[in-house]
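Here is how the chains run, residue by residue.
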Amino acid sequence: MADPSAVKKKTACCSVLKEFMVALTFAYICKALSGTVMKSSITQIERRFDTTSSVAGLIDGSFEIGNLLVIAFVSHFGAKLHRPKIISIGCFIMGLGSVLTALPHFFMGFYRYNKDAVPSDNSSFSACTTELPSTSNDSLPTRLHSDCRRESQSNMWIYVLMGNLIRGIGETPVTPLGISYIDDFSKEGNSTLSIAILHTVAMIGPIIGFLLGSMCAQIYVDIGFVDLNKITITPKDSRWVGAWWLGFLIAGFFSILASIPFCFLPKSAKKKGRQESNTSASPIGTGSNGEENQTLNVKSQPPAKGKGHLTGFFYSLKHLLSNELYLIYLILSLLQFSSIVGAVTYLSKYLEQQYGQSSSKANFLIGVIALPTISCGIFLGGFIVKKYKLNMENMAKMAFLWNVLSILTTISHFFLGCENKMVAGLTVPYGGNDRAELPQDILPISLCNNDCNCDVNHWDPVCANNSITYMSPCLAGCKSTVGYGKNVVFHNCSCVAGIGFHPANFSAHLGECSRTQHCSRNFIYFMVMQVLNSFFFAMGSSPSFMLAFKNVEPKLKSLAVGVHMLVQRSLGGMLAPIYFGALIDKTCLKWSVNTCGESGACRIYDSASYRTIYLSLIVSLKLPSIFLYILLIHAMRRRMKKGVRPSENKEEVVLEPIQDNIKNNQQFFAYNDANSETGI
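Every value quoted in this text rests on a predicted model; they were computed, and no experiment measured them. (Residues numbered from 1 in each chain as written. Predicted model: local features only at pLDDT ≥ 70, side-chain atom pairs only at ≥ 80, totals over all residues. Heavy atoms only, no water.)

So, on to the overall build of the chain. Within the chain one finds 19 helices and 10 strands. Per-residue burial over the chain gives 55% buried out of 680 residues. In the chain, of all internal contacts separated by at least 6 residues, the share reaching a separation of at least 24 is 81%. Here the chain displays about 29800 Å² of accessible surface, and carbon together with sulfur accounts for 63% of that area. (Helix = DSSP H or I, 4+ residues; strand = E, 2+ residues; numbered from the N terminus. Buried < 20%, exposed > 50% of the residue type's maximum accessible area, 1.4 Å probe, protein only. Contact = heavy atoms within 4.5 Å. Areas by Shrake-Rupley, 256 points an atom, 1.4 Å probe, with all protein chains shown as cover.)

Right, here's the structure in full:
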């Protein structure tokens, strides 16, 4: 008969572990939600704080800075302390960082965008007037208005950066301490399943995050404080700013809520049937096709020659970086990670500028189409590896194949773009469809609006009946209006009349002209290819993840993960959004200009140049990885040919049992995917 006290202890142990799993799963969802809200709001932040894309990229990358500041401290001391309480503190700091990110909204005053005077009733007015002094293009940059003063919110983006950095600090202990807690106190063989369930359920976070970002982008930034009937812009306008702050408040609230359960969990739970004597792997066969029978032909690590932990660390690091297979994989994964970080950060902006989609719709499509596709791809890729028991070389071949397909679909995007928008005085002359003129010959002032004294730096676009967008009603030469608010219609527009329309058609309405039907069809084709691209990349991710562990010795696996994470985050997560944004800024055609003559956020980009630079960056980072895969496979074959059976050379080591390999792979996935800002 079973001892009642033993049964009670076992039940309590199960209960503690289950409670920890539930709490950690909720924390994972919250941290993924917070990161996705930042990705989906980056365009809104750029417009609200009137910054460039490179500054927005710096704000986005500050999360990685905060994470790297404390990762070494947390990894070293965290396991020795009360892990649930440290995770609780981390979740609280993470929530606090999200709330601090949103706070500048409440201290900046109302959002003001450039617009011509629009009647609040049915009274008429003339946008083209000779009463105002001229503010020509060559005089404004050198002259400041007498009442010009730097706006108090011009540098408030720094507080957003600090909030995101604090969020990165708080998120640091969640993954390493959470995964290690599960691994330490799960029943032998159950940790793999627990971690797999954790990451599967955690995918809810990015999906909810993009849907929340879509909803917030649809809501005006100052909702509840201004009369929306007086707002003359729509979510498709490049001046529109959604309620970016709302998503951070919601994410912050749930992150703080996620910190509470960990306060009531014990420091440790009794181990359930785990053997602690597996410090060294034993030979389990030398087959070439089965994962359980694979050997890793690398020499075992000799003992450190120097005394002390520091000498041993540097010796281990040197030994790790001298591993040819690991070094190739490290560079390869860095290139792939950089490409995906840059692509995801500016995908929403790309859909806006290239296809005329609103930020809200772009985030919605990413959330409901791209992310589920990636989840299916990762699962299916892992299933193929397990079902066919692929060895190390075959996993590299599989990753190589799917990444080639991913690059081919990315290249297809070059042919699915749209032409530049027809903007009079910017991309086309006031004559209309004549595109033969050089860009420097296209001027914002023409004979049709020369007597209107327009501000050429002003951006309040109107769409005329000739399907040409004009930068403002004044530059369109409009002299009367009908209606008010968003429904105002401008009439007697001299620049529209100059193209040969009948008098009844000399009119324009607020907003840019819609894209052509051809562009709309290309958008559908782009989304289809993007889904395939995401699926192919995800299919190659599962075998690619495993290569990090199978290329190193068992004693160096933890160090390999740490170095891999450090390189990816410092050179990929932090830098990729910055240089992607800096190059995208080069394609801007029209910058916003404040009353002091200083440029701010971009209003319209050169569509062709944007497409070329954005996609070329992605391909240029992915393409070298293909050649590195070939080099990696060749190096594997060369090493296997030189290898000796374990029984013939005592210095040869074999892989640990499949359960430990999969478990370590899940830990790798946790460090580099779940704890990363880039969820897709």
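The next point concerns the sheet that holds strand β2 (residues 423-424). Spatial strand order, β2-β4-β3-β7-β6-β5: 6 strands in an open sheet with mixed pairing. The sheet is open, and its two edges are formed by β2 and β5 (480-482), each paired on a single side. The pairing of β2 with strand β4 (residues 469-470) spans 2 bridges and is classified as parallel. Bridged to valine 423 within β4 is threonine 469. (Pairing = 2+ DSSP bridges.)

Locating isoleucine 93 in the fold gives a position in helix α3 (residues 83-102). Ignoring anything within four residues of it in the chain, the contact list for isoleucine 93 reads Ile166 and Gly170.

If you trace the backbone, serine 358 turns up in the loop between α11 (347-355) and α12 (359-387). On the accessibility criterion, serine 358 (9% relative accessible area) is buried. Filtering out sequence-adjacent residues up to four positions away, serine 358 remains in contact with Pro235, Lys236 and Glu352.

Moving on, we get to the state of the cysteines. Per the stated rule, a full pass over the model turns up 6 disulfides. Sulfur-sulfur distance for the disulfide between cysteine 448 and cysteine 495 comes to 2.0 Å. Measuring the twist about the S-S bond at about 90 degrees, one finds the cysteine 448-cysteine 495 disulfide to be right-handed. Taken as a pair, cysteine 448 in the loop between β2 and β3 (462-464) and cysteine 495 in helix α14 (residues 494-497) lie far apart in primary sequence, 47 residues in all. Neither residue differs from the other here; cysteine 448 and cysteine 495 are each classed as buried. Two residues, cysteine 463 and cysteine 513, share a disulfide whose sulfurs are 2.0 Å apart. (Disulfide = S-S within 2.5 Å.)

With 6 of 7 residues buried, strand β9 (residues 599-605) is to be regarded as a mostly interior element. Pairing analysis gives 4 bridges linking strand β8 (residues 588-593) to β9, with the strands arranged antiparallel. By the bridge assignment for β9, lysine 590 is matched with isoleucine 604.

A few words on the packing of aromatic side chains. Applying the stated criterion across every chain, the model contains 23 aromatic pairs. Between tyrosine 605 and tyrosine 610 the ring centres are 5.2 Å apart and the planes differ by 65 degrees, which places this aromatic pair in the edge-to-face class. On the accessibility criterion, tyrosine 610 (1% relative accessible area) is buried. Following the ring pairs from residue to residue traces out a cluster consisting of Tyr350, Tyr355, Phe523, Phe526, Tyr579, Phe580, Tyr605, Tyr610 and Tyr614. Looking at lysine 31, its charged tip hangs above the ring of tyrosine 28, at a distance of 4.8 Å from the centre. (Phe/Tyr/Trp six-rings, centres within 6.5 Å; stacked < 30°, edge-to-face > 60°. Lys NZ or Arg CZ within 6 Å of the ring centre and 35° of its normal.)

When pLDDT is averaged along the chain, the result is 78, and 76% of the positions lie at 70 or above. Mean pLDDT across the secondary structure elements of the chain bottoms out at strand β10 (residues 652-654), with 36, and peaks at helix α8 (residues 244-259), with 95. This model gives residues 272-308 a pLDDT under 50, and the stretch forms 93 contacts once residues within four places in sequence are excluded. (pLDDT = per-residue confidence, 0-100.)

Now for the pattern of salt bridges. A side chain with one charge can pair with a side chain of the opposite charge if their charged atoms come near. Applying the stated criterion across every chain yields a total of 10 salt bridges. The salt bridge partner of aspartate 60 is lysine 39, with a shortest N-O separation of 2.7 Å. In this pair, aspartate 60 is assigned in helix α2 (residues 53-77) and lysine 39 in helix α1 (residues 4-48), connecting sequence segments 21 residues apart. Assigned by exposure class, aspartate 60 and lysine 39 land together as buried. In this structure, lysine 397 engages glutamate 393 in a salt bridge whose closest nitrogen and oxygen atoms are separated by 3.3 Å. Of the two residues, lysine 397 and glutamate 393 are both situated in helix α13 (residues 392-412); the distance of 4 residues between them amounts to about one turn of the helix. Accessibility expressed as a relative area gives 33% for lysine 397, which makes it partly exposed. Each of the salt bridges in this network shares a partner with another, and the network as a whole consists of Asp237, Arg239 and Asp460. (Salt bridge = Lys/Arg side-chain N within 4 Å of Asp/Glu carboxyl O.)

On to the side chain of serine 238, then. Within the secondary structure layout, serine 238 lies in the loop between α7 (204-218) and α8. At 3.1 Å, the side chain of serine 238 and the backbone oxygen of arginine 603 are in polar contact. Residue contacts for serine 238: discarding those within four places in its chain leaves Arg47, Trp459, Glu512 and Arg603. (Polar contact = N/O pair within 3.5 Å; in protein donor to acceptor, adjacent residues only side chain to side chain.)

Turning next to the nonpolar core. Tyr350, Leu351, Tyr355, Leu547 and Tyr614 are the most contacted members of the largest nonpolar core, which has 53 residues in total. Looking at this core, the elements with two or more residues in it are α10 (324-345), α11, α12, α13, α15 (517-550), α17 (575-585), β9 and α18 (607-642). With 12 residues, the single largest contributor to this core is α18. Leucine 547 has contacts with Tyr329, Met392, Met395, Ala396, Tyr629, Leu632 and Met636, leaving out every residue within four places of it along the chain. (Core = buried A, V, L, I, M, F, W, Y, C linked by side-chain atoms within 4.5 Å.)

Attention now goes to α10. Relative to the 32 Å expected for 22 residues at 1.5 Å per residue, α10 spans 32 Å between its end C-alpha atoms, a close match to the ideal helical length. Buried residues dominate α10, accounting for 19 of its 22 residues. The backbone nitrogen of leucine 325 lies 3.1 Å from a side-chain oxygen of the residue at the head of α10, namely asparagine 323. (Expected span 1.5 Å × (residues − 1).)

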